Amino acid sequence: MDLDVVIMAAGKGTRMKSVRPKVLHELAGRSLLQHVLDMAARLEPDSLIVVSGHGADEVEASCAGAAVSFVRQMPQFGTGHAVQQAVPKLHAAGTTLILNGDVPLIELETARALVAACGGERLALLTVELDDATGYGRILRDRDGRITGIVEHKDASDEQRLVREVYTGVMAAPTAALKGWLARIGNNNAQREYYLTDVVGLAVADGVEVVHAAAHDETEVLGVNSPKQLAQLERRFQQRAADALMEAGVRLADPARFDLRGELVCGSDVEIDVNCVFEGRVELGDGVRIGANCCLRNARIGAGTVIHPYTHIDGDSAGVAVGSGALIGPFARLRPGAELGDEVHIGNFVEVKNSRMARGAKANHLAYLGDAEVGERVNYGAGSITANYDGANKHRTVIGNDVHVGSNCVLVAPLTVGDGATIGAGSTLGKDAPAGQLTLARARQCSLANWQRPVKKSG
């Protein structure tokens, strides 16, 4: 049976007070619309249609690469009018699932249950009971409990507003019947809009059974209409993520100060301190400890490694890998392409980019390693850097095993430092340093006995 999914994403979102289309505001690191698209794609529909309108070019560009087709609703005359624009793209039969681009946390199993309730024959509504139903359309039932309609909040009577069961804006309908209902809805209401909810009355009049599926909880059906609501939903999302991690054994110092903006995979006995942010895909091995105020993006951290506070690890598309038993930070920065072996030490204000450091290598203070190969047990001194960029191209530095690089050295790439070499403090090397030898590159020191320090002229 054909399944069409229609996502309504045309609204301006006036209460967001933003030039950005509402559905492109972010929740947990992804746009509201992207959350809905990701869930819908997992249903494996035969077609996935986004109804754009306000900021249509920007909204459609955000979906580049996805298996999505677009229709535009311009101007916007209500939810029924929005779905009318998608009618030419719907199959002749089957089921149409209608979602909202500003309701981002619908769960896959909930969507599947709603589609199953429809079965291509019934009109199925996703409902939930709310303590405060302000702003939501109320479900109307007859004395036998059968659904007879939905009334929008602004059109509801005082008695109807007491109803706690509300329509979430999500429905599944038999496609052939939906097309007919959409052609018959009118705009005789306070807003002069075409309400999608009017199809319920038409279904009842046509003798089509109207059923419901219940959302698991309020959180998955909450929409976003203002910055405050977005922030509130962010906290709900993060609390759910934190609860799932703690149930799996992760120790969070404070679940209220935890942010997941991607996927976090944890081994056993992982500890995460406060104010840490995880983006992209992050893997933490057994016994990893993450200090306070760290940011990790697209990184793999080996077992027993300690990430000290205020460390920033950004793997971007290349990723960052850290071996087992390493010590990173505080105030360290690992950039894309950093690959650190077991028991590597990266200390305060050290930056590593596109470099491999072998087992036991150390850069403990105020250093930069870019485009470098660093051997085992290397000690890389405070203030030392690889000068890897000549203004046009990047060049690599190769440092062998057991090398000692003194403080405040500059290694001008391309350059090779042989195994066991020692580089004297303050050296600037522009040539290879031989293995097992001390290499110095300093100006000769001198002192001027009768030199006078300049004094400021008076007046």
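Further up the page is the structure itself.
The structure presented is a predicted model; accordingly, all values stated were derived computationally and were not measured.

Asker: Teacher, can you tell me more about the environment of Gln 232 here?
Answerer: Mapped onto the fold, Gln 232 is located in helix H7 (residues 227-247). Considering only alpha carbons, one finds Gln 232 and Leu 222, 10 residues apart in sequence, at a separation of 10.0 Å.

Asker: Quick question: what am I supposed to make of the pattern of salt bridges here?
Answerer: Where charged atoms from two side chains of opposite charge approach closely, those side chains can pair. Counted according to the given criterion, the structure contains 32 salt bridges. Its salt-bridge partner being Arg 261, residue Glu 279 comes within 3.6 Å of it at the nearest N-O pair. A residue pair is termed long-range when its members are at least 10 positions apart, and Glu 279 in strand S15 (residues 276-284) and Arg 261 in strand S13 (residues 258-266) qualify at 18 residues. Glu 373 serves as the salt-bridge partner of Arg 356, at 2.4 Å between the closest nitrogen and oxygen.

Asker: Even after reading the chapter, I still don't get the pairing of strand S4 (residues 47-52), so can you show me in this structure?
Answerer: The side chains of a regular strand alternate between the sheet's two faces. S4 sits mainly inside the fold: six of its six residues count as buried. Burial of S4 is two-sided: the residues Ser 47, Ile 49 and Val 51 facing one way and the residues Leu 48, Val 50 and Ser 52 facing the other way are all buried. One ladder, built from four bridges, connects S4 with strand S5 (residues 69-72); its direction is parallel. Counted as the bridge partner of Ile 49 is Ser 69 from S5. The parallel pair S4 and S5, bridged by helix H2 (residues 56-62), forms a crossover whose chirality is right-handed.

Asker: What should I look at first to understand a nonpolar patch on the surface in this one?
Answerer: Among the surface-exposed residues, Tyr 310, Phe 331, Phe 349 and Leu 366 lie close enough to one another that they form a single nonpolar patch of about 430 Å² accessible area. Note on placement: Phe 331 falls in the loop between strand S21 (327-328) and strand S22 (333-334).

Asker: Would you take a moment to explain the environment of Asp 269 for this structure?
Answerer: Counting through the fold element by element, Asp 269 comes out in the loop between S13 and strand S14 (271-272). Counting along the chain gives 96 residues from Asp 269 to His 365, while the straight-line C-alpha distance between them is 29 Å. Excluding its chain neighbours within four sequence positions, the residues that come into contact with Asp 269 are Arg 251, Gly 287 and Val 288. Within the structure, the side chain of Asp 269 is placed 2.9 Å from the side chain of Arg 251, a separation counted as a polar contact.

Asker: Looking at this structure, I do not really get H7. What am I missing?
Answerer: Residues lying three or four places apart along an α-helix face the same way, a consequence of the helix completing one turn every 3.6 residues. A rise of 1.5 Å per residue sets the reference length of H7, with its 21 residues, at 30 Å; its end C-alpha atoms lie 30 Å apart and thus fit the reference within 8%. Restricting attention to buried positions, one finds in H7 the residues Leu 230, Leu 233, Glu 234, Phe 237, Gln 238, Ala 241, Ala 242 and Leu 245. Lining the buried residues of H7 we find strand S2 (26-27), helix H1 (32-42), strand S12 (251-252) and S13. Directly after H7, the chain includes Gly 249, whose backbone phi takes a positive value near 110 degrees.

Asker: Teacher, can you tell me more about the sheet that holds S14 here?
Answerer: The strands making up a sheet are joined through hydrogen bonds of the backbone, oriented either antiparallel or parallel. If you trace the 11 strands from one edge of the open sheet to the other, you get S12-S14-S16-S18-S21-S24-S27-S30-S33-S36-S38, paired in parallel fashion. Every other strand in the sheet has two partners, leaving S12 and strand S38 (438-439) as the edge strands with one partner each. Bridge analysis of strand S30 (residues 379-380) against strand S33 (residues 404-405) gives two bridges, and the strand direction is parallel. Counterpart to Tyr 380 in the pairing with S33 is Val 405.

Asker: What am I meant to see in the nonpolar core here?
Answerer: Note on soluble globular proteins: their nonpolar side chains tend to be buried together. Judged by nonpolar contacts, the single largest core of 54 residues is most densely connected at Ile 272, Phe 278, Leu 284 and Ile 346. Secondary structure elements with two or more residues in this core: H7, S13, S15, strand S17 (295-301), strand S20 (320-322), strand S29 (372-374) and strand S35 (415-417). Counting residues per element, this core draws most heavily on S15, at four residues. If you look at the next biggest cluster of nonpolar residues, it comprises 50 residues, including Leu 32, Val 36, Leu 105 and Val 166.

Asker: Got a minute to help me understand unusual backbone geometry in this structure?
Answerer: What you tend to see is this: most non-glycine residues have negative phi, and most peptide bonds are trans. Between Met 74 and the following residue, Pro 75, the backbone shows a cis peptide bond with an omega angle of -10 degrees. With respect to the secondary-structure elements, Pro 75 resides in the loop between S5 and helix H3 (79-86). The peptide bond linking Ala 413 to Pro 414 adopts the cis configuration, its omega dihedral lying at 0 degrees. Tracing the backbone shows Pro 414 in the loop between strand S34 (410-412) and S35. Backbone geometry places Leu 366, a non-glycine residue, at a positive phi of 45 degrees. Looking at where Leu 366 falls in the secondary structure, it is placed in the loop between strand S27 (362-365) and strand S28 (368-370). One non-glycine residue, Asp 402, lies in positive phi territory at about 60 degrees. Structurally, the position occupied by Asp 402 is in the loop between strand S32 (397-399) and S33.

Asker: Just to check I follow, could you spell out the packing of aromatic side chains for this structure?
Answerer: Centre-to-centre distance and the angle between the planes together describe a pair of aromatic rings. The tally for this structure, following the rule as stated, stands at three aromatic pairs. Arranged with centres 5.2 Å apart and planes meeting at 15 degrees, the rings of Phe 331 and Phe 349 form a pair that is stacked. Here Phe 331 is found in the loop between S21 and S22, whereas its partner Phe 349 is found in the loop between strand S24 (345-348) and strand S25 (351-353), with 18 residues between them in sequence. Residue Phe 349 is classed as partly exposed on the basis of its relative accessible area of 49%. Over the face of the ring belonging to Tyr 389 we find Lys 394, whose NZ or CZ atom lies 5.7 Å from the ring centre.

Asker: So what exactly am I meant to see when it comes to H3 here?
Answerer: If you check which residues of H3 are buried, you get Gly 80, His 81, Ala 82, Val 83 and Ala 86. Lining the buried residues of H3 we find strand S1 (3-9), S4, S5, strand S6 (95-100) and helix H5 (175-184).

Asker: Looking at this model, I keep getting lost on the environment of Pro 255. Mind explaining?
Answerer: As for its position among the elements, Pro 255 is in the loop between S12 and S13. In the structure, Pro 255 is positioned 10 residues away from Leu 245 in sequence and 9.7 Å away in space, judged by C-alpha atoms. Aside from chain neighbours lying at most four places away, what touches Pro 255 is Arg 235, Gln 239, Ala 242 and Met 246.

Rules used throughout
Residues numbered from 1 in each chain as written. Predicted model: local features only at pLDDT ≥ 70, side-chain atom pairs only at ≥ 80, totals over all residues. Heavy atoms only, no water. Helix = DSSP H or I, 4+ residues; strand = E, 2+ residues; numbered from the N terminus. Salt bridge = Lys/Arg side-chain N within 4 Å of Asp/Glu carboxyl O. Buried < 20%, exposed > 50% of the residue type's maximum accessible area, 1.4 Å probe, protein only. Pairing = 2+ DSSP bridges. Right-handed = clockwise from strand over helix to strand, strands pointing away. Patch = residues over 30% accessible without salt bridge, like charges linked within 9 Å, V, L, I, M, F, W, Y side chains within 5 Å. Areas by Shrake-Rupley, 256 points an atom, 1.4 Å probe, with all protein chains shown as cover. Contact = heavy atoms within 4.5 Å. Polar contact = N/O pair within 3.5 Å; in protein donor to acceptor, adjacent residues only side chain to side chain. Expected span 1.5 Å × (residues − 1). Core = buried A, V, L, I, M, F, W, Y, C linked by side-chain atoms within 4.5 Å. Phe/Tyr/Trp six-rings, centres within 6.5 Å; stacked < 30°, edge-to-face > 60°. Lys NZ or Arg CZ within 6 Å of the ring centre and 35° of its normal.

Remember, this is a structural readout, not a statement about activity or role.
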